[in-house]
Amino acid sequence: MNAVTMRKVELVDADMRVDRWFKRHYPDLGHGRLEKLLRTGQVRVNGGRVKASDRLLVGDEIRVPPLGEAPTPTPTVSAAPRAISARALEIGETLKKAILHRDADVIVLNKPPGLAVQGGSGLDDAHLDAALDSLTFEAEERPRLVHRLDKDTSGVLVLARNRQAATALTKAFRARDAAKTYWALVVGMPKPMRGRIDLALAKEGPAGHEKMRTVQRDDEDEDSKRAVTFYTVVEQAAGKVSWLAMRPLTGRTHQLRAHAAFLGTPIVGDGKYGGAEAFLTGGISRKLHLHARGIDIAHPAGGRLKIEAPLPAHMAESFKLLGFEASRGRDVFADLDE
């Protein structure tokens, strides 16, 4: 292959890391050489520089430079049906009980905390993506992931039930036509009690142990990505613990966790960004207290899909202990939607 090639990301490769995309389509291209091509800007996505760990969206255009004697790229094809492991079947049964909404185009789940959305080192089939065959129901197609949640974050997760729905939902997320509301318990009380965080994030640390660091505007570079979050305190307990509603306008890795820590109020249970300070006594669980409460997104068939997810057990218990009433968290961002 001795000429530059432009390739578009297909649905089957949606949300795939750049390095994994190259491994699938150019298996003879070594990781070291790919890293050099990325570092020197010879591989680009939509005209911009990217890193091996960046995620791809449907329709992204990848610049593939001359690769010498590399073989013809493998065609994009859907994965062949495979046997479902016992662990994946078990997760599938859990997911069936977590369905909040289902129609011909969309399934919405209340993802349990502690369940990874996609595979990684040491996970085998212990992740949601491996169990999606269990959610085909009467449809012939396997549901498709169109966005993600962190492993320890619970709440609303939208799946597309067919190719057309996946295209429409991906377009909605890309155009930011998806208002997502998260609830979090944080240590302390942020000042001001309502605000907008516009603070870029950059990834640091080895693969599998990455952590996001906040980047001030004057220090932004090509390795950082802009991240914007609205937040408001719904309730607080003696200034020691606050219930935040958070509305991310961007979808960066660990965005809400990093932004909450920047405010000086790390999310309860988030030792990665808050250290020992993130863990409270008095019966409050040590699990992460971050929940994707609701989403308002354009439905593939027209109109809007508005769904809310009940709190997971550990957060519901913490709310009870603190005297917080879930009903008080409604419409806190109504002014942003006007």
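Everything that follows concerns the structure shown earlier in this document.
The present account deals with the structure reproduced in this document. Throughout this document, residue positions are counted from 1 along each chain, in the order its sequence is written. Local features in this predicted model are restricted to residues of pLDDT 70 or higher, and side-chain atom pairs are both shown and tallied only at a pLDDT of 80 or more, whereas totals for entire chains, interfaces and linings draw on every residue. As a rule here, side-chain values come from all non-hydrogen atoms in the structure, and water together with hydrogens is ignored.

Considerations on the side chain of Lys180
To keep things clear, this is the line we draw: Numbering of helices and strands starts at the N terminus; helices are DSSP runs of H or I of at least 4 residues and strands are runs of E of at least 2. Relative accessibility under 20% of the residue-type maximum defines a buried residue, over 50% an exposed one, and the middle range a partly exposed one, all with a 1.4 Å probe and only protein chains included. Think of it this way: Lys and Arg go in the positive column, Asp and Glu in the negative one, and His and the chain ends go nowhere. By definition here, a salt bridge exists when the distance from a side-chain nitrogen of Lys or Arg to a carboxyl oxygen of Asp or Glu is within 4 Å. Contacts: residue pairs with any heavy atoms within 4.5 Å of one another.
Of note, Lys180 is situated in strand β9 (residues 178-187). One buried charged side chain, Lys180, makes no salt bridge at all; its nearest oppositely charged neighbour is Asp150, positioned 10 Å away. Residue contacts for Lys180: discarding those within four places in its chain leaves Phe173, Met246, Arg247, Pro248, Gly294 and Ile295.

Considering the environment of Ile295
Note that Ile295 resides in strand β16 (residues 290-298). With a relative accessible area of 5%, Ile295 lands in the buried category. Along the primary structure Ile295 and Leu95 are separated by 200 residues, whereas in three dimensions their C-alpha atoms are 18 Å apart. The residues contacting Ile295, other than those within four sequence positions of it, are Val156, Val158, Phe173, Ala179, Lys180, Leu305, Lys306 and Ile307.

So, the nonpolar core
Operational definition: The definition of a nonpolar core used throughout is a set of buried Ala, Val, Leu, Ile, Met, Phe, Trp, Tyr and Cys residues joined through side-chain atoms within 4.5 Å.
Counting residues in hydrophobic clusters, the biggest one holds 29 residues, and the most contacted among them are Leu95, Leu128, Leu159 and Met246. Every element with two or more residues in this core is listed here: α3 (86-97), β6 (106-111), β8 (154-160), β9, β14 (228-237), β15 (241-248), α5 (255-262) and β16. In terms of residues, this core owes the most to one element, β9, which gives 3 residues. Those residues in contact with Met246 that sit more than four places away from it in its chain are Lys180, Thr181, Tyr182, Ala184, Thr229, Phe230, Tyr231, Leu256, Ala260 and Phe333. Counting residues in each nonpolar core, the second largest holds 18 residues, with Leu34, Leu37, Leu38 and Ala52 among its members.

Some thoughts on the sheet that holds strand β2 (residues 44-45)
The condition is simple: Pairing between strands is defined by DSSP: at least two bridges between them are needed. Between the N-to-C directions of two axes lies an angle of 0 to 180 degrees, each axis being a line fitted to C-alpha atoms and, for a helix, fitted only over the stretch in contact.
Pairing within the open sheet is antiparallel, and its 4 strands lie in the order β1-β4-β2-β3. On the outer flanks of this sheet lie β1 (5-8) and β3 (48-49), each paired with one strand and no other. Strand direction decides the pairing type here: β2 and β3, joined by 2 bridges, are antiparallel. The residue of β3 that forms the bridge with Val45 is Gly48. Strands β1 and β4 (61-64) of the sheet are contacted by helix α1 (residues 18-25), whose axis makes an angle of about 65° with β4.

Some thoughts on the pairing of strand β10 (residues 194-198)
Residues of β10 alternate between two faces, with Gly195 and Ile197 buried on one and Arg194, Arg196 and Asp198 left unburied on the opposite face. As defined by bridge partners, β10 adjoins β14 across 5 bridges and the pair is classed as antiparallel. Looking across to β14, one finds that Arg196 is bridged to Phe230.

Let's talk about helix α4 (residues 163-174)
Using the following cut-off: Helices are assigned an expected span. That span is 1.5 Å times one less than the residue count. Directions pointing from the helix axis toward each C-beta atom define the arc. Pairs of N or O atoms are called polar contacts if they sit within 3.5 Å, as long as, within protein, a hydrogen donor faces a hydrogen acceptor (for residues adjacent in sequence, only side-chain-to-side-chain pairs).
Helix length check: α4 (12 residues) gives 16 Å between terminal C-alpha atoms against 16 Å at 1.5 Å per residue, within 8%. Of the residues making up α4, those classed as buried are Ala165, Ala166, Leu169, Thr170, Ala172 and Phe173. The buried residues of α4 occupy an angular sector of 160° when projected down its axis, which confines them to one face. The exposed residues of α4 that point more than 90 degrees off its buried face are Gln164 and Lys171. Along its buried surface, α4 packs onto β6, β7 (144-145), β8, β9 and β16. N-cap assignment for α4: the residue whose side-chain oxygen lies 3.3 Å from the backbone N of Gln164 is Asn162. In the segment just after α4, Arg176 is the residue with positive phi, at about 60°.

Looking at the packing of aromatic side chains
Selection rule: Within 6.5 Å between ring centres, the rings of Phe, Tyr and Trp (the latter by its six-membered ring) count as paired, and their orientation is classed by plane angle as stacked under 30 degrees, edge-to-face over 60, tilted in between. In this analysis the charged atom, NZ for Lys or CZ for Arg, is taken to sit over a ring once it is within 6 Å of the ring centre and within 35 degrees of the ring normal.
By the definition in use, this model includes 8 aromatic pairs. Each member of the aromatic cluster is reached from another via a ring pair, and the members are Trp183, Trp243, Phe319 and Phe324. A cation over an aromatic ring shows up here: Arg102 above the ring of Phe137, its NZ or CZ 3.9 Å from the ring centre. The ring of Tyr273 has Lys211 lying over it, and the distance from NZ or CZ to the ring centre is 5.3 Å.

Some details on the environment of Lys96
Structurally, Lys96 is set in helix α3. Remark: the alpha-carbon pair of Lys96 and Arg33, spanning 63 residues in sequence, is separated by 43 Å. Lys96 has contacts with Ser134, Leu135 and Phe137, leaving out every residue within four places of it along the chain.

Some remarks on unusual backbone geometry
Along the chain, Lys191 connects to Pro192 via a cis peptide bond; the corresponding omega equals 0°. Note that Pro192 resides in the loop between β9 and β10. For Phe137, which is not glycine, the phi torsion reads 50° and is therefore positive. Examined against the element boundaries, Phe137 turns out to sit in the loop between β6 and β7. Using a relative accessible area of 31% as the deciding quantity, one classes Phe137 as partly exposed. Unusually for a residue other than glycine, Asp331 sits at a positive phi of about 55°. You can see Asp331 is positioned in the segment after α7 (313-322). Classification of Asp331 by relative accessible area gives exposed; the value is 65%.

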